[in-house]
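Observations on the model geometry
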Amino acid sequence: MTLLDIQTRPTATHRAVAHMTGSLPMGGQVADTPVFAFHHTPAGLDFSAQPELRPERRDISLDGLLAFEISDVLTSAESDAVVAATELLGYRDEAPGIQTPPGMRMNKSVHWVAPAAMMDEIFRRIALLLPQAIDNRPLAPRLSQRLNMYRYDTDDVFNRHIDGDWPGYGLTASAKDPTARMTEWTGGRSMLTMILYLNGPEDGVVGGQTRLFGRAGTVIDVTPSKGSALFFRHGFDIQSVMHEGCRVTGDAAKYVARVNVMYAI
């Protein structure tokens, strides 16, 4: 599935389902930065069971902090389809609803509400490998459908930071307003970041590791692997993992999706 394939399909048209103030990499704000959704699920994003995938979890030793990888989350074709769809939405400098200090987030972003069926299938593939409870809060039965997409072009970097926690988001329509809008879920809050790698060295990406920092000085670099995902604790808490998206040094852009893993309040 290529970007051209999606662009030429009339069902791939998209719309803004929310607008928020967007922050720029070097400071400043842009009003009415959109969050997008597709009118109809583009071909390639209609995920279904993939028997060839064998997701496996590998825990990362990080001074007692929670961090792990899961392989085989997406197929190569599924990863390519997400990249193509988000390029159609359009990457930009500003990121909606994200507040970062000047010089921290030095990449391009687009936020969208992904199809519920796509996110449900991703959750089905990994659910048994996720912590079933954190701090006595049980795992919610779905992932947030709002995805923070990042494209790292040559020399782009996301400097050292901790991810905040978020409510979950989806789309809601009503009889009075058939145009679905992004809505915030109640009864849950995210506790894990899921960084879904959509390409990697096999696509020519050079650099772009995710660097994790432990509390006792341990530093772990995770190399992007297409279709795999990195998970770590987030929120403004002593258990959260400090990390950075290292500089991309080659000509090929790196693509990732930040997904929020939800837990009941």
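Quick caveat: nothing in here was measured; it's all calculated off a predicted structure. (Residues numbered from 1 in each chain as written. Predicted model: local features only at pLDDT ≥ 70, side-chain atom pairs only at ≥ 80, totals over all residues. Heavy atoms only, no water.)

1. Concerning unusual backbone geometry
If you check the backbone angles, aspartate 63 has positive phi at about 55° while not being a glycine. With respect to the helices, strands and loops of the structure, aspartate 63 is situated in the loop between strand S3 (57-59) and strand S4 (67-70). In this model, aspartate 135 sits at a positive phi of 55°, which is unusual for a non-glycine residue. Counting through the fold element by element, aspartate 135 comes out in the loop between strand S8 (133-134) and strand S9 (137-143). Taking the relative accessible area as the measure of exposure, aspartate 135 reaches 52% and is therefore exposed. (Helix = DSSP H or I, 4+ residues; strand = E, 2+ residues; numbered from the N terminus. Buried < 20%, exposed > 50% of the residue type's maximum accessible area, 1.4 Å probe, protein only.)

2. Quick look at the confidence of the model for the chain
Averaged over the chain, the pLDDT score is 94; the fraction of residues at 70 or greater is 94%. Note that residues 1-11 has pLDDT below 50 and, in this model, 19 contacts with residues that lie over four places away or in other chains. (pLDDT = per-residue confidence, 0-100. Contact = heavy atoms within 4.5 Å.)

3. A closer look at helix H2 (residues 76-89)
With 14 residues, H2 should reach 20 Å at 1.5 Å per residue; the first-to-last C-alpha distance of 20 Å fits that figure. Those residues of H2 lying buried are Glu78, Ser79, Ala81, Val82, Val83, Ala84, Ala85, Thr86 and Leu89. (Expected span 1.5 Å × (residues − 1).)

4. As for the side chain of arginine 258
Within the secondary structure, arginine 258 is located in strand S19 (residues 254-264). A distance of 3.5 Å separates the side chain of arginine 258 from the side chain of histidine 234, its partner in a polar contact. Contact partners of arginine 258, with chain neighbours within four places excluded, come to Arg146, Leu147, Asn148, Tyr150, Asp163, Gly164, Trp166, Thr193, Met194 and His234. (Polar contact = N/O pair within 3.5 Å; in protein donor to acceptor, adjacent residues only side chain to side chain.)

5. Considering the sheet that holds strand S18 (residues 242-245)
If you trace the five strands from one edge of the open sheet to the other, you get S6-S11-S18-S15-S16, paired in antiparallel fashion. On the outer flanks of this sheet lie strand S6 (105-106) and strand S16 (219-222), each paired with one strand and no other. Pairing analysis gives four bridges linking strand S15 (residues 210-213) to S16, with the strands arranged antiparallel. Each residue of the ladder has a partner; that of leucine 212, found in S16, is isoleucine 220. (Pairing = 2+ DSSP bridges.)

6. Considerations on the packing of aromatic side chains
Tallying each qualifying case throughout the model produces five aromatic pairs. Aromatic pair phenylalanine 38 and tryptophan 112: ring centres 6.0 Å apart, planes at 85°, arrangement edge-to-face. Within this pair, whereas phenylalanine 38 is found in strand S2 (residues 29-38), its partner tryptophan 112 is found in strand S7 (residues 108-113), the two being separated by 74 residues in sequence. Using a relative accessible area of 8% as the deciding quantity, one classes phenylalanine 38 as buried. When its relative accessible area of 0% is taken as the criterion, tryptophan 112 is described as buried. (Phe/Tyr/Trp six-rings, centres within 6.5 Å; stacked < 30°, edge-to-face > 60°.)

7. A closer look at the nonpolar core
Counting 42 residues, the largest nonpolar core has Trp112, Met118 and Met194 as its most contacted members. In this structure tryptophan 112 touches Val35, Phe36, Phe38, Leu45, Val82, Thr86, Leu89, Met118, Gln145, Arg146, Leu147 and Met149, once residues within four positions along its chain are discounted. (Core = buried A, V, L, I, M, F, W, Y, C linked by side-chain atoms within 4.5 Å.)

8. So, the pairing of strand S14 (residues 188-197)
Counted residue by residue, S14 has nine buried out of ten residues, so it is predominantly covered. In terms of strand pairing, S14 meets strand S17 (residues 229-233) through five bridges, oriented antiparallel. Paired with threonine 193 across the two strands is phenylalanine 232, which belongs to S17.

9. Comments concerning the pairing of S7
The side chains of a regular strand alternate, first on one face of the sheet and then on the other. With six of six residues buried, S7 lies mostly within the body of the structure. Neither face of S7 is open: one carries Lys108, Val110 and Trp112, the other Ser109, His111 and Val113, and all of them are buried.

10. Looking at the environment of alanine 140
Looking at the element boundaries, alanine 140 is found in strand S9. By relative accessible area, alanine 140 is classed as buried at 15%. Residues alanine 140 and valine 261, 121 residues apart in the sequence, show an inter-C-alpha distance of 8.0 Å. Excluding residues that lie within four positions of it along the chain, alanine 140 makes contacts with Phe123, Met262, Tyr263 and Ala264.

11. Some words on the pattern of salt bridges
Here the structure, examined in full by the defined rule, presents 16 salt bridges. Residue arginine 57 is joined to aspartate 59 by a salt bridge in which the shortest nitrogen-to-oxygen separation is 2.6 Å. Arginine 58 is the salt-bridge partner of glutamate 69, the closest N and O atoms lying 2.1 Å from each other. Taken together, the positions of glutamate 69 in strand S4 and arginine 58 in strand S3 put the pair eleven residues apart, joining distant regions of the chain. Judged by its relative accessible area of 47%, arginine 58 is partly exposed. Through salt bridges with shared partners, a single network forms among Glu87, Lys108, Arg151, Asp153 and Asp156. (Salt bridge = Lys/Arg side-chain N within 4 Å of Asp/Glu carboxyl O.)

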